[in-house]
Amino acid sequence: MADQHPILLVHGGAWNIPDDMVEAHRTGIRNALAAGWKVLGAGGSALDAVEEAVVVMEDDDTFDAGLGSFLTRDGTVQMDAMVMDGATLRAGGVGCVERVKNAIRAARLVLEKSPHVYFVADGAEKFVEELGMKLIDNAELVVPREMERLKRVQALAAKGIPDPTFAPAEFGADANSHDTVGAVALDAHGRLAAATSTGGTVNKTPGRVGDSSLIGCGVYADDSAAASCTGWGEPIMKLVLAKAAADKVVRGQSPQQAAKQCIDMMKSKLNGHGGMILMDRQGKIGIAYNTPRMAWGWRTAESEEFGLER
Ligand code: ASP
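Residues numbered from 1 in each chain as written. Predicted model: local features only at pLDDT ≥ 70, side-chain atom pairs only at ≥ 80, totals over all residues. Heavy atoms only, no water.

S.K.: Run through the state of the cysteines, naming residues and quoting values.
M.R.: A full pass over the atoms with the stated rule returns 0 disulfides. Cysteine Cys-217 remains unbridged, with the sulfur of Cys-229 as its closest cysteine sulfur at 8.5 Å. Residue classification places Cys-217 among the buried positions, given a relative accessible area of 9%. In this structure Cys-229 is a free cysteine whose sulfur lies 7.8 Å from that of Cys-262, the closest cysteine sulfur available. Note on Cys-229: relative accessible area 0%, which makes it buried. (Disulfide = S-S within 2.5 Å. Buried < 20%, exposed > 50% of the residue type's maximum accessible area, 1.4 Å probe, protein only.)

See below:
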């Protein structure tokens, strides 16, 4: 199919984005849309557009992806990311990577250069290094704000106060102040793509993999729909939420209905919290979340809109 009107939809995470971080989130979303649109508006592929949009948010320490990610229990950044091409069902993912600047670029290399779909940890780093990606020192991704946050969360845990990561109804907890990033796009040739990238959850046990990079869970694209999720990864994984949403679109739901039903199902079945962006092959979009806030924005040739109130 050709001559579609391209559209790009991005999110910069759910949870309780505090007032003093709202402007930074809006700026980050705007910059991500600009980078993705540079590709999409020039006739480029949805796959390239979602990658470029996500790279911008990984490089912005506002978000829980790349630079400025939440830290593991050991004070390191461990990232998960996946990118998926709806037209071909090609997908590439990395989990628990520590020495790449942009996990989504590593995921794209997996998609392009490997018959496999998923690499983790040292094996992922070795794979991308052999393909010419420069590895970095993990400390380059760690920001003081996150070191302080980790200390606060660990001090609470020492007093027996549950890790807010696993008690997400406590939206007041500053552990959940920013989040995962993602993008979905439809290009002029009618191709859909999705990408999600994250530093995971604060104080996570090293080696834990969340939903974000798992195919069908935190990210999915086929020729009917593309989805990217954010929020509490364990419930999202258990419900294979991104694929569930895509299937609802195939069965005739609008993207908005499908996204909302999936977020509602996550709450009713598992008391899960988070959000989702979803797009169908006509470029119709769905945006749903059950957290106090989610940062999102979309852009077409004619207009754009941002979803985070000041
Ligand atoms: N979904 C991500 C994870 O569980 C983090 C988040 O979006 O809050 O790793």
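There is more to say after this.
S.K.: Let's hear about the environment of Asn-290: which residues, and what values?
M.R.: Tracing the sequence through the fold places Asn-290 in the loop between strand 10 (285-289) and strand 11 (296-299). For the pair formed by Asn-290 and Gly-275, sequence separation is 15 residues and the distance between their alpha carbons is 6.5 Å. There is a polar contact of 3.0 Å between the side chain of Asn-290 and the backbone oxygen of Gly-272. Reaching out from Asn-290, the side chain makes a polar contact with the backbone nitrogen of Gly-274 at a distance of 2.8 Å. (Helix = DSSP H or I, 4+ residues; strand = E, 2+ residues; numbered from the N terminus. Polar contact = N/O pair within 3.5 Å; in protein donor to acceptor, adjacent residues only side chain to side chain.)

S.K.: A description of the sheet that holds strand 11 should follow, citing residues and the corresponding values.
M.R.: Within a sheet, adjacent strands bond to each other through the backbone by hydrogen bonds, running parallel or antiparallel. Read from one edge of the open sheet, 8 strands run 4-3-2-6-5-1-11-12, paired in mixed fashion. Edge positions in the sheet fall to strand 4 (118-120) and strand 12 (304-306), since each of these pairs with one other strand and no more. Between one strand axis and the next, the sheet turns by 5 degrees as a mean value, whatever way the strands run. Across the face of the sheet, helix 3 (residues 103-113) comes into contact with strand 2 (79-85), strand 3 (90-97), strand 4 and strand 6 (192-198) while running at roughly 135 degrees to strand 3. Where helix 4 (residues 121-130) meets the sheet, its contacts fall on strand 3 and strand 4, and the angle it forms with strand 4 comes to roughly 110 degrees. (Pairing = 2+ DSSP bridges. Axes fitted to C-alpha atoms, helices over the stretch in contact; angles between N-to-C directions. Contact = heavy atoms within 4.5 Å.)

S.K.: Provide a residue-level description of the pairing of strand 2, including the pertinent values.
M.R.: Of all 7 residues in strand 2, 7 are buried, a share of seventy percent or more. The side-chain alternation of strand 2 yields two buried faces, one formed by Met-79, Ala-81, Val-83 and Asp-85 and the other by Asp-80, Met-82 and Met-84. Bridge count between strand 2 and strand 3: 6 bridges; the pairing is antiparallel. Bridge assignment links Asp-85 to a residue of strand 3, and that residue is Arg-90. The hairpin turn running from strand 2 into strand 3, its antiparallel successor, is 4 residues long, and Leu-89 in that turn takes a positive phi close to 65 degrees. In the sheet, strand 2 pairs with strand 6 via 6 bridges, with the strands oriented antiparallel. Note that in strand 6 the partner of Val-83 across the bridge is Ala-195.

S.K.: Go over helix 4 with me, naming the residues and quoting the values.
M.R.: The complete set of buried residues in helix 4 reads Ala-124, Glu-125, Phe-127 and Val-128. Looking down the long axis of helix 4, one finds its buried residues gathered within 160 degrees of arc, a one-sided arrangement. Pointing more than 90 degrees away from the buried face of helix 4 are the exposed residues Asp-122, Lys-126 and Glu-130. Buried residues in helix 4 make contact with strand 3, helix 3 and strand 4. Directly after helix 4, the chain includes Gly-132, whose backbone phi takes a positive value near 100 degrees. (Arc of directions from axis to C-beta.)

S.K.: Requested: an account of unusual backbone geometry, with residues and values cited.
M.R.: A positive phi is found at Cys-96, a non-glycine position, where the angle reads about 55 degrees. The residue Cys-96 is located in strand 3 in this model. With phi around 50 degrees, Asn-271 is a residue other than glycine that occupies positive phi space. Looking at where Asn-271 falls in the secondary structure, it is placed in the loop between helix 8 (255-270) and strand 9 (274-280).

S.K.: So what about the site of the ligand? Which residues, and what values?
M.R.: If you check the shell around the ligand, you find 13 residues, and the closest are Asp-179, Thr-180, Arg-208, Asp-211 and Gly-231. The separation between an oxygen atom of the ligand and a polar side-chain atom of Thr-180 is 2.6 Å. Taking Gly-231, its main chain carries an N or O atom lying 2.6 Å from a nitrogen atom of the ligand. Burial of the ligand by the surrounding chains reaches 99%, relative to a free accessible area of 260 Å². Considered class by class, the residues forming the shell around the ligand number 1 nonpolar, 9 polar and 3 charged. (Near = heavy atom within 4 Å. Areas by Shrake-Rupley, 256 points an atom, 1.4 Å probe, with all protein chains shown as cover. Nonpolar A, V, L, I, M, F, W, Y, C, P; charged D, E, K, R; others polar.)

Purely geometric numbers; function is a separate question.
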